[in-house]
Amino acid sequence: GAPDTSSTGLRLLLVGPPGAGKGTQATRLSASYGIPAVSTGDIFRENVKNGTELGVKAKGYMDAGQYVPDELTNDLVRDRLSQPDVADGFLLDGYPRTLQQVEELDGMLGVDGLSLDAVVVLTADTDEVVRRLLGRAAEQGRSDDTEEVIRKRLDVYAEQTAPLIQVYASRDLVVEVDGLGEIDEVTGRIVAALAAL
Ligand code: B4P
C-alpha cells in the first residue's frame, strides 16, 4: 500500500518461523531505519528473568513451545505502542502471531491496519531453523531451544501463524524475503525489497 505520510518512519511487521532470523534482523533493521524494534519474545524473556507477574504467567507456555495467551500478549503490545517513541515508526518482531492478535493490532493502529507500510515475511526451511536453534541452545541455553520444544514451536507456527500471511497478502502488504544465507546478506535483501515498494 501507499506509505503512511502522517509518520516519518516505517511501520513494519516481521513474521517468520522460529529460527528464521526475526530477532537477528530486527536489531539491524531498527538501527538502519532509526525505528524502535519491539520484540514480544524479548519482553516476555525479560519479564521471566525479573520474576514479574507477567513473567511467571508466560514462562510455562514458552517452555512448552506454546504461545502466551492472546489477552496477555495484546495487553503488553497495547501498552508498548502507547509509548511516545513509536509515534514515528516501529518494527514489531514476533507480533502478531495469531489471527486474534491481527484483529487487536488493527484496532490499535486504526482502520484495518492500513497504516502499516509492510509485513516482512522471512522464510527458512525446517532443517535450517532446527539447526540454528540447536546451535543457539548450545551457546545460550535458552529454555525453549530443546529439539522437542523446537518441533512444537514449528507446529504452532504452521497452525496459528502461517494463516496470517494470507490476511496481510490480501491487503497487499507482504514482502517475502529468503532468510537463508549470511546474516548481512539477508538484511540487504530486506532493505532492497523495502526500497522497491
Ligand atoms: P521469539 O523470541 O520470537 O523466538 P523465535 O520465534 O524463536 O525467534 P527469534 O527471533 O528468537 O530467533 P531468530 O529467528 O532471530 O518467541 C519466543 C516465544 O515467546 C514464543 O515461542 C512464544 O511462547 C512467546 N511469544 C512471543 N511472541 C508472542 C506472541 N505474539 N504471541 C504469543 N506468544 C508469543 O534466530 C534464531 C537463531 O538463528 C539465532 O541463534 C541466530 O543467531 C541464528 N540466525 C539468525 N539468522 C541467521 C542466519 N542468516 N544464518 C545463520 N544463523 C542465523
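Residues numbered from 1 in each chain as written. Predicted model: local features only at pLDDT ≥ 70, side-chain atom pairs only at ≥ 80, totals over all residues.

Side note on the nonpolar core
Turning to step 1, where the next piece is worked out: By size, the foremost hydrophobic cluster in this structure holds 33 residues, and its most contacted members are Leu13, Leu14, Leu91, Val119 and Val120.
Turning to step 2, where the next piece is worked out: Elements with a minimum of two residues in this core: β1 (11-15), α1 (22-33), β2 (37-39), β3 (90-93), β4 (118-123), α6 (126-140), α7 (147-170) and α8 (183-195).
Turning to step 3, where the next piece is worked out: Ranked by residue count, the leading element in this core is β4, at 5 residues.
Turning to step 4, where the next piece is worked out: In this view, valine 120 contacts Leu12, Leu13, Leu14, Val175, Val177 and Ile190; residues no more than four positions away in its chain are not counted.
Turning to step 5, where the next piece is worked out: With 6 residues, the next largest nonpolar core counts Phe44, Ala58, Met62 and Tyr67 among its residues. (Core = buried A, V, L, I, M, F, W, Y, C linked by C-beta atoms within 7 Å. Buried ≥ 20, exposed ≤ 12 C-beta atoms within 10 Å, placed from the backbone. Helix = DSSP H or I, 4+ residues; strand = E, 2+ residues; numbered from the N terminus. Contact = placed C-beta atoms within 7 Å.)

Observations concerning the environment of glycine 135
Turning to step 1, where the next piece is worked out: Residue placement: glycine 135 occurs in helix α6.
Turning to step 2, where the next piece is worked out: For the pair glycine 135 and aspartate 85, spaced 50 residues apart in the sequence, the C-alpha separation amounts to 34 Å.

Looking at the packing of helix α2 (residues 40-49) against helix α3 (residues 53-63)
Turning to step 1, where the next piece is worked out: Viewed as axis vectors pointing N to C, α2 and α3 meet at an angle of 115°, and their least axial separation amounts to 8 Å. The interaxial crossing formed by α2 with α3 has left-handed handedness. Between α2 and α3, the residues in contact are Phe44, Asn47 and Val48 and Leu54, Gly55, Ala58, Lys59 and Met62, respectively.
Turning to step 2, where the next piece is worked out: Classifying every residue of the contact of α2 with α3 by side-chain character gives 5 nonpolar, 2 polar and 1 charged. (Axes fitted to C-alpha atoms, helices over the stretch in contact; angles between N-to-C directions. Left-handed = near helix turned anticlockwise from the far one by under 90°. Nonpolar A, V, L, I, M, F, W, Y, C, P; charged D, E, K, R; others polar.)

Thoughts on the confidence of the model for the chain
Turning to step 1, where the next piece is worked out: When pLDDT is averaged across the chain, the result is 93; 94% of the residues are at 70 or more.
Turning to step 2, where the next piece is worked out: Both confidence scores are given for the complex: pTM 0.93, ipTM 0.90. (pLDDT = per-residue confidence, 0-100.)

Observations regarding the environment of arginine 132
Turning to step 1, where the next piece is worked out: Considering the arrangement of structural elements, one finds arginine 132 in helix α6.
Turning to step 2, where the next piece is worked out: Residues arginine 132 and threonine 24, spaced 108 residues apart in sequence, show a C-alpha to C-alpha distance of 12 Å.

Looking at unusual backbone geometry
Turning to step 1, where the next piece is worked out: In this chain, tyrosine 95 is followed by proline 96 through a cis amide linkage whose omega measures -5°.
Turning to step 2, where the next piece is worked out: By the element assignment, proline 96 lies in the loop between β3 and α5 (99-109).
Turning to step 3, where the next piece is worked out: A positive phi angle, near 65°, is found at aspartate 172, a position not held by glycine.
Turning to step 4, where the next piece is worked out: Here aspartate 172 shows up in the loop between α7 and β5 (174-178).
Turning to step 5, where the next piece is worked out: The exposed category is assigned to aspartate 172, around which 9 C-beta atoms lie within 10 Å.

Description of the site of the ligand
Turning to step 1, where the next piece is worked out: The full set close to the ligand counts 29 residues, and Pro18, Gly21, Gly23, Gly41 and Arg136 are the nearest of them.
Turning to step 2, where the next piece is worked out: Taken together, the elements giving at least two residues each to the shell around the ligand come down to α1, α2, α3, α6 and α8.
Turning to step 3, where the next piece is worked out: If one sorts the elements of the shell around the ligand by residue count, α6 sits on top with 4 residues.
Turning to step 4, where the next piece is worked out: Of the residues belonging to the shell around the ligand, the class tally is 12 nonpolar, 11 polar and 6 charged. (Near = placed C-beta within 6 Å.)

Points about α6
Turning to step 1, where the next piece is worked out: With 15 residues, α6 extends 21 Å from end C-alpha to end C-alpha; this agrees with the ideal 21 Å at 1.5 Å per step.
Turning to step 2, where the next piece is worked out: Looking one or two places after α6, you find glycine 141, whose phi comes out positive at around 60°. (Expected span 1.5 Å × (residues − 1).)

Concerning the packing of α1 against α8
Pairs of packed helices are described in terms of their axes, by the angle between the two and the distance that separates them.
Turning to step 1, where the next piece is worked out: Across the interface, α1 lies against α8 with an axial gap of 10 Å and an inter-helix angle of 55°. Classified by the interaxial angle, the pair formed by α1 and α8 is oblique. Of the two elements, α1 crosses α8, and the hand of that crossing is right-handed. On α8, the residues that touch Thr24, Gln25, Arg28, Leu29 and Ser32 of α1 are Ile183, Val186, Thr187, Ile190 and Val191. (Parallel < 35°, antiparallel > 145°, perpendicular 65-115°, else oblique.)

Considerations on the UniProt feature "binding site: ATP" (unreviewed entry) in the chain
Turning to step 1, where the next piece is worked out: According to UniProt, the feature "binding site: ATP" (unreviewed entry) maps to Gly19, Ala20, Gly21, Lys22, Gly23, Thr24, Arg136 and Gly181 in the numbering used here.
Turning to step 2, where the next piece is worked out: Within the secondary structure layout, lysine 22 lies in helix α1.
Turning to step 3, where the next piece is worked out: Judged by local crowding, lysine 22 falls into the buried class, with 23 C-beta atoms found within 10 Å.
Turning to step 4, where the next piece is worked out: When neighbours within four sequence positions are excluded, lysine 22 is seen to be in contact with Leu14, Gly16, Asp93, Gly94 and Leu122.
Turning to step 5, where the next piece is worked out: Excluding residues within four positions of it along the chain, arginine 136 makes contact with Arg142 and Asp145. (UniProt positions renumbered as here; feature names shortened; annotations may be inferred.)

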